[in-house]
Amino acid sequence: MFNWFRRKTKKADSEPVSEPTEQLTTPETESDTETPSQETTQEDYLAWAKTAYKNIQQTQTTTPSQPSTETPPKTTQEDVTADLESPPQEVAEPATETEKEEVPAWMKKSDRLEALKETALETATVEETTPLTFDEEFVWSAKVLAAQGRAPDDVSQEEINWLKRLRQGLGKSRRGLVNQLKSIVGQGPLNEDAIMEIEALLLQADTGIEATDHIISTLQNKLLEEALPPEQALEYLKSILKEMLDRPLQKVVNPGFAPEKGVLNIWLLTGVNGAGKTTTIGKLSHLAQQSGYNCIIAAADTFRAAAVQQVQVWGERTNTPVIANPGKNTDPAAVVFDGISAAQARQADLLLVDTAGRLQNKKNLMAELAKIRRIIDKKAEKAQVESLLVLDATLGQNGLRQAQVFSEAANLSGVVLTKLDGTAKGGVALAVAQQLDLPIRFIGVGEGIEDLRPFSSYEFVEALLNE
């Protein structure tokens with residue numbers, strides 16, 4: 001079982017990890033030297049990716065024979081295809097004799113068409129398994145993991161698939177930034193025209209004015225000290241972005257954001273209606289279940305129409321119990337009270353609370369959240385309480401203004417950035433860190449249930465500014 005919440009390099013002291021860590025430092029330390037050293041490091045990364053690919057293939061060949069969880073889907077698919085085959089046979093046999101005389105030939109059913117339908121069903125099920133392929137995206141994903149000190153035998157297919165989706169989700173922002181930034185930054189100190197061009201690029205990526213000014217001033221100071229080629233200038237730009245994204249973690253006692261075992265963890269999720277709050281709760285519950293945590297959902301958004309029903313659908317989809325009140329306009333604090341009681345009775349590790357997302361009156365929102373906090377303090381004194389703001393990345397600066405209202409009303413612990421795929425710009429993550437001074441805890445790059453994962457500044461910047 002792979003724990004996404006504690007995806008750390010715990011094997012840093014072992015021998016295999018020493019090689020990737022050396023490969024991580026060599027591109028940065030040897031970047032001032034000649035290009036052959038970079039070619040050797042690329043070859044090392046390619047060899048590392050090949051060994052990781054072989055290890056993943058070996059684990060895939062050995063694990064299916066041990067567990068019996070993968071055999072039921074095969075039987076169910078055969079049953080489904082058998083059910084699909086049997087009705088046409090029963091109906092078609094008596095109908096063929098009468099229809100042969102009256103029905104034209106072009107309207108008659110073809111056995112070849114039925115066979116194609118059966119094969120189409122089989123190929124669709126194969127595509128859902130997303131077989132692992134050794135391609136450019138796999139090599140890039142392996143390079144990112146190796147640069148973080150991971151060993152080839154400590155890489156899972158889940159991580160590779162996630163990095164691929166992250167890179168694909170930020171593809172539009174990356175294609176518009178990398179080439180233009182290289183052509184501008186690699187010309188030495190920035191003049192007025194270069195500053196205007198970089199400023200336009202960053203603002204178009206929803207970076208925000210404050211974050212853009214910080215990036216340009218920091219980059220300009222470095223380029224005034226020494227002239228950097230385009231590749232090294234881009235690497236220094238990456239370090240600026242990573243420092244900005246990690247800065248809010250300096251004021252946090254525990255930078256890692258993972259549920260603690262043996263203690264009830266309560267995560268309150270707030271956000272404007274339509275930001276993906278309910279969907280995020282469903283994906284977080286799935287992520288917790290897959291990582292080995294016992295999770296329960298409390299549907300405390302009792303004022304929005306069909307909010308409770310949406311949470312219940314996600315609960316059925318992720319096999320997560322949902323505590324809800326079927327009545328309309330019920331007290332959200334009462335639902336939280338029942339959720340805490342159920343979590344304590346079932347010894348759950350994590351309780352996800354769906355709170356209201358209204359901005360019409362900040363006083364009512366503050367009063368509601370304060371009441372929920374009082375219930376938690378009385379009912380679960382030793383619980384680890386976190387408050388997460390779900391922010392729609394497609395809203396850009398408008399979403400940041402809404403986030404500022406929530407940050408004033410609630411004691412936020414971090415941000416969940418959703419909908420980064422499609423029309424969203426990757427620079428909104430920098431604006432969140434700079435303007436809200438809040439750490440990004442989770443990031444979503446799609447509508448699938450596997451498209452929400454814990455945020456990593458290194459992986460995000462590499463996916464945003466790497467060709």
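I will try to describe carefully the structure that is included in this document. Since the model is a prediction, treat every value here as computed from it, not as a measurement.

**Comments concerning the environment of K54**
Mapped onto the fold, K54 is located in helix α2 (residues 35–62). In the structure, K54 is positioned 98 residues away from P152 in sequence and 9.1 Å away in space, judged by C-alpha atoms.

**Quick word on the sheet that holds strand β6 (residues 414–418)**
Strands sit in the order β3-β2-β4-β1-β5-β6-β7-β8 across an open sheet of 8 strands; the sheet is mixed. Looking at which strands have only one partner, the edges of the open sheet turn out to be β3 (322–323) and β8 (452–454). With 6 bridges joining them, strand β1 (residues 265–270) and strand β5 (residues 384–392) adopt parallel strand pairing. What sits directly across from L269, in β5, is L388.

**Focus on helix α13 (residues 332–345)**
Each turn of an α-helix holds 3.6 residues, which means side chains three or four residues apart point in the same direction. Taking 1.5 Å as the rise per residue, α13 with 14 residues should run 20 Å; its terminal C-alpha atoms sit 20 Å apart, in good agreement. Taken together, the buried positions of α13 are P332, A333, V335, V336, G339, I340, A342 and A343. For α13, the N-terminal cap is D331; the gap from its side-chain oxygen to the backbone nitrogen of A333 is 3.3 Å. Downstream of α13 by a residue or two, Q347 has a phi angle that is positive, lying close to 55 degrees.

**Overview of the pattern of salt bridges**
Following the criterion strictly, the structure yields 16 salt bridges and no others. For the salt bridge of E462 with K242, the shortest nitrogen-to-oxygen distance reads 3.5 Å. Of this pair, E462 sits in helix α17 (residues 457–464) while K242 sits in helix α10 (residues 230–246), and the two are 220 residues apart along the sequence. The residue R247 makes a salt bridge to E243 at a minimum N-O spacing of 3.0 Å.

**Remarks on the nonpolar core**
Among the nonpolar cores identified, the biggest contains 100 residues, and I198, L245, W267, L352, L420, F442 and F460 are the most heavily contacted of them. Excluding its chain neighbours within four sequence positions, the residues that come into contact with L420 are G169, L170, A393, K425, G426, V428, I443, G444, V445 and F460. If you look at the next biggest cluster of nonpolar residues, it comprises 20 residues, including L264, I296, A300 and L351.

**A look at the packing of helix α6 (residues 157–169) against α17**
Close contact between α6 and α17 brings their axes to 8 Å; oriented N to C, the two are set at 50 degrees. Between α6 and α17, the angle falls in the class oblique. α17 is crossed by α6, and the crossing has right-handed handedness. On α17, the residues that touch W162, L163, L166 and R167 of α6 are E459, F460 and A463. A per-class count over the contact of α6 with α17 returns 5 nonpolar, no polar and 2 charged.

**Side note on the packing of aromatic side chains**
Summed over the entire model, instances satisfying the criterion amount to 7 aromatic pairs. On the numbers, 5.4 Å between centres and 65 degrees between planes, the contact of Y53 with F134 is edge-to-face. Here Y53, found in helix α2, pairs with F134, found in the loop between α4 (111–128) and α5 (136–147); they are 81 residues apart in sequence, far enough to count as distant. Of the residues examined, Y53 reaches a relative accessible area of 16% and is grouped as buried. With relative accessibility at 32%, the residue F134 sits in the partly exposed group. On the basis of an interplanar angle of 35 degrees and a centroid distance of 4.7 Å, the ring pair of F257 and W267 is categorised as tilted. Of the two residues, F257 is situated in the loop between α10 and β1 and W267 in strand β1; the sequence distance between them amounts to 10 residues. Residue F257 shares its accessibility class with W267, and that shared class is buried. Ring pairs connect the aromatic residues Y53, F134 and F138, which therefore count as one cluster. Its end group placed over the ring of W4, R453 keeps NZ or CZ at 4.5 Å from the ring centre.

**Considering the environment of K363**
Within the secondary structure layout, K363 lies in helix α14 (residues 362–379). K363 sits 46 residues away from A409 along the chain, and the two C-alpha atoms are 8.0 Å apart.

**Brief notes about the pairing of strand β7 (residues 440–444)**
Across the 5 residues of β7, 5 count as buried, placing the element largely inside the fold. Sheet topology places β6 next to β7; 3 bridges connect them, and they run parallel. Opposite V415, over in β7, you have I440 as the bridge partner. Where β7 meets β8, 3 bridges bridge the pair, whose relative direction is antiparallel. In the sheet register, G444 faces β8, and the bridge partner there is L452.

**A few points about empty space enclosed by the protein**
In this approach the atoms are scanned with a rolling probe the size of a water molecule, which exposes any empty space left behind. Applying the stated criterion to the full structure yields 2 cavities of 30 Å³ or more. Roughly 70 Å³ of volume is contained in the largest cavity. Considering the residues around the largest cavity, the lining is formed by L177, L181, L202, A205, T207, L237, L241, G427, L430, L464 and L465. Contributions of two or more residues to the lining of the largest cavity are made by α7 (171–185) and α10. Split into classes, the residues belonging to the lining of the largest cavity amount to 9 nonpolar, 2 polar and no charged. There is about 30 Å³ of room inside the second largest cavity. If you go around the second largest cavity, the residues you meet are W162, L166, I443, P454, F455, S456, E459 and F460.

**A look at the packing of helix α8 (residues 192–204) against helix α9 (residues 209–225)**
α9 packs onto α8 with a crossing angle of 140 degrees between their chain directions and a minimal axis gap of 10 Å. Compared by their axis directions, α8 and α9 come out oblique. Crossing of α8 over α9 shows right-handed handedness. Between α8 and α9, the contacting residues are I195, I198, E199, L202 and L203 on the first element and I209, T212, I215, I216, L219 and Q220 on the second. Within the contact of α8 with α9, the residues separate by chemical class into 8 nonpolar, 2 polar and 1 charged.

Conventions we followed
Residues numbered from 1 in each chain as written. Predicted model: local features only at pLDDT ≥ 70, side-chain atom pairs only at ≥ 80, totals over all residues. Heavy atoms only, no water. Helix = DSSP H or I, 4+ residues; strand = E, 2+ residues; numbered from the N terminus. Pairing = 2+ DSSP bridges. Expected span 1.5 Å × (residues − 1). Buried < 20%, exposed > 50% of the residue type's maximum accessible area, 1.4 Å probe, protein only. Polar contact = N/O pair within 3.5 Å; in protein donor to acceptor, adjacent residues only side chain to side chain. Salt bridge = Lys/Arg side-chain N within 4 Å of Asp/Glu carboxyl O. Core = buried A, V, L, I, M, F, W, Y, C linked by side-chain atoms within 4.5 Å. Contact = heavy atoms within 4.5 Å. Axes fitted to C-alpha atoms, helices over the stretch in contact; angles between N-to-C directions. Parallel < 35°, antiparallel > 145°, perpendicular 65-115°, else oblique. Left-handed = near helix turned anticlockwise from the far one by under 90°. Nonpolar A, V, L, I, M, F, W, Y, C, P; charged D, E, K, R; others polar. Phe/Tyr/Trp six-rings, centres within 6.5 Å; stacked < 30°, edge-to-face > 60°. Lys NZ or Arg CZ within 6 Å of the ring centre and 35° of its normal. 1 Å grid on protein atoms, 1.4 Å probe; cavity = no way out; pocket = protein on both sides within 12 Å on 5 of 7 lines; lining within 4 Å. Points joined across faces, edges and corners; volume = space filled by probe spheres on them.

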